[in-house]
Amino acid sequence: MIQIKKIFILLILAEVISLVAFFNPTVETAAFVLICLAVFFISLWDLRYGVLVALAELFVGGMGYLFVLEQGGLHLSVRMGLFLILLAVFVYKAVKEHNIEFFKSKLFGPYVVLAAFLFLGLVLGYFYGNNPAYIFFDSNAFFFFGYVPVFFQAFKKQEDLKIIWPVFWAAIVWLAIKTLLVFFIFTHGFVSIIPGLYKWIRDTGVGEITPAPGGFYRVFFQSQIYLVLGLILLTAERIFSSQKSLRLAGSITVFSAVLLSFSRSLWLGLAAATFVLLVVAMIFLRAPILQTGKTVGWLVATALGGLLLVYIVGYFPFPARTTFSFIDVLGSRISTSDAASATRWAELKPLWSGIQNHLFFGSGFGTTVTFKTQDPRILKTSPTGDYTTYAFEWGWLDVWLKIGLFGLVAYFNLLYQVVKMGVANFQFPISNFQTYGLLFSLFALIIVHTFTPYLNHPLGLGWLILVGLFLERNRF
């Protein structure tokens, strides 16, 4: 049985090696090759464990560049390396077993239809003369859907899926602790290690460390989306189950990291999904009133404890810290007048105009839109504020622009089929909190994607694949 503590230690070890390897190319090459070889042989033995390694990397790895192989002009991320290895092993096993589990899935049709529109987006991108480099970098995340048959092949039975949870919980606890640790280092002026640590975090694509007013620092890791999804699962667990995946201290730590992300999209997704989850549980699913009340109390304790933990870490007197007001910084993020928010709203009208050019089938991947912004980061390179990009904050509008209204409908149909499958699994009273929690974690992801793109990125696509797999396997 996989233990959370062992996975937790392995994750820390992997990140320490990544940090060391980042400044030593020889070590990085060796680490990359060893990881890939290990996953290859493990997957040949049991595909499930190879997929677990890929999931662990996804949960904590941000953009996927914790380890990189650089040879000549090659710049291969460990995420891509694992993807290619697992895909190859899947093909070998499928041919050997004369069986592809994904063909039996109820989601096969919706995935194929969406894949057709994604392929059309590639074709139209070239047809409309979009920059080939833009087309590739705009579309390559969707190749992550190639994992769908791999995951279905690896986890053939409901019991197989149980080994995923220790990896998930270990990953989000480590991610939360890492967030607090980085926050402590930056707010307490560890000048000897900050430059190197910042460069490692930035260049590996793990996250962003952004100075805020008064010496405060925003610590945003892209993988923090999983902290939100984990908290939603924990909330469902508290209502409908007596087991405790994480104790209160763990949930407080996770929530504190969500606070330190200072991502309004993550906050909104968490708040909206949790609220609707509680309302549906009480009104439609006949959740026990006492248990629901205890869950609300747990949520309040988690939120207050998370806020207190941020204060303790930020205001810890040794070594000497910088002076800042957490409330002032929090207020600045609640406001919609900051540069990032202004940029998001500035791109909305030009983006909608671009969508109308090819409303139904889209303009293809790599399509750019130009808009004007007062974001200081953009003004440094474009004094006029004119900014042209193919990547947009409005996730669903981005999808609409690239693959059209029909492609967007195909995407929503896949989501609908996943949700429909989950609802069909409900029993009264609810006996499987995971089904309920996974549905609302997907709801949170859909909300977050509206304002910050995740469902056109491996981080969101990976969760969508997992939710569909879990809900199909968890039939009663």
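Residues numbered from 1 in each chain as written. Predicted model: local features only at pLDDT ≥ 70, side-chain atom pairs only at ≥ 80, totals over all residues. Heavy atoms only, no water.

1. Regarding the environment of alanine 154
Assignment of secondary structure puts alanine 154 in helix α7 (residues 147-154). C-alpha of alanine 154 to C-alpha of serine 43: the two residues are 111 residues apart in sequence and 9.2 Å apart in space. Alanine 154 has contacts with Leu47, Arg48, Val51 and Asp160, leaving out every residue within four places of it along the chain. (Helix = DSSP H or I, 4+ residues; strand = E, 2+ residues; numbered from the N terminus. Contact = heavy atoms within 4.5 Å.)

2. Focus on empty space enclosed by the protein
Enumeration over the complete set of coordinates arrives at two cavities of 30 Å³ or more. Space inside the second largest cavity adds up to approximately 30 Å³. Lining the second largest cavity, in full, are Ala54, Glu57, Arg79, Leu82, Phe144 and Tyr147. Residue assignment for the lining of the second largest cavity shows that the elements contributing at least two residues are α3 (47-60) and α4 (78-97). (1 Å grid on protein atoms, 1.4 Å probe; cavity = no way out; pocket = protein on both sides within 12 Å on 5 of 7 lines; lining within 4 Å. Points joined across faces, edges and corners; volume = space filled by probe spheres on them.)

3. Digging into unusual backbone geometry
It is generally the case that most residues other than glycine have a negative phi and that most peptide bonds are trans. Unlike most non-glycine residues, histidine 98 shows phi in positive territory, near 55 degrees. Summarising the element assignment, histidine 98 is placed in the loop between α4 and α5 (108-127). Phi is positive for phenylalanine 262, which is not a glycine, with a value near 50 degrees. Checked against the element boundaries, phenylalanine 262 lands in the loop between α11 (248-261) and α12 (264-283). Since its relative accessible area comes to 1%, phenylalanine 262 is described here as buried. (Buried < 20%, exposed > 50% of the residue type's maximum accessible area, 1.4 Å probe, protein only.)

4. What to know about a nonpolar patch on the surface
Together, Leu10, Leu13, Val16, Ile17, Val20 and Val27 give the surface a local cluster of nonpolar side chains, amounting to about 480 Å² of exposed area. Counting residues per element, the nonpolar patch draws most heavily on helix α1 (residues 4-22), at five residues. Along the chain, valine 20 falls in helix α1. (Patch = residues over 30% accessible without salt bridge, like charges linked within 9 Å, V, L, I, M, F, W, Y side chains within 5 Å. Areas by Shrake-Rupley, 256 points an atom, 1.4 Å probe, with all protein chains shown as cover. Salt bridge = Lys/Arg side-chain N within 4 Å of Asp/Glu carboxyl O.)

5. A word on the pairing of strand β4 (residues 216-221)
Burial analysis of β4 places five of its six residues in the buried class, the great majority of the element. Across six bridges, strand β3 (residues 207-212) lies against β4 in antiparallel orientation. Pairing of proline 211 across the sheet is with tyrosine 217, part of β4. (Pairing = 2+ DSSP bridges.)

6. Here's the deal with the packing of α11 against helix α13 (residues 289-315)
Between α11 and α13, whose axes approach to 7 Å, the crossing angle comes to 60 degrees. For the element pair α11 / α13, the angle class is oblique. Note that α11 runs across α13; the crossing there is right-handed. Across the interface between the two elements, Leu248, Ser251, Ile252, Thr253, Phe255, Ser256, Leu259 and Leu260 from α11 touch Trp298, Ala301, Thr302, Ala303, Gly305, Gly306, Leu307, Leu309 and Val310 from α13. (Axes fitted to C-alpha atoms, helices over the stretch in contact; angles between N-to-C directions. Parallel < 35°, antiparallel > 145°, perpendicular 65-115°, else oblique. Left-handed = near helix turned anticlockwise from the far one by under 90°.)

7. Let's talk about the pattern of salt bridges
Applying the stated criterion to the full structure yields twelve salt bridges. We note a salt bridge from glutamate 101 to lysine 104, for which the minimum N-O separation is 3.2 Å. Relative accessible area serves as the criterion here: at 13%, glutamate 101 is assigned to the buried category. Arginine 202 is the partner of aspartate 203 in a salt bridge, and the nearest nitrogen-oxygen pair spans 2.8 Å. Here the salt bridges do not stand alone but share partners, grouping Asp46, Arg48 and Asp160 into one network.

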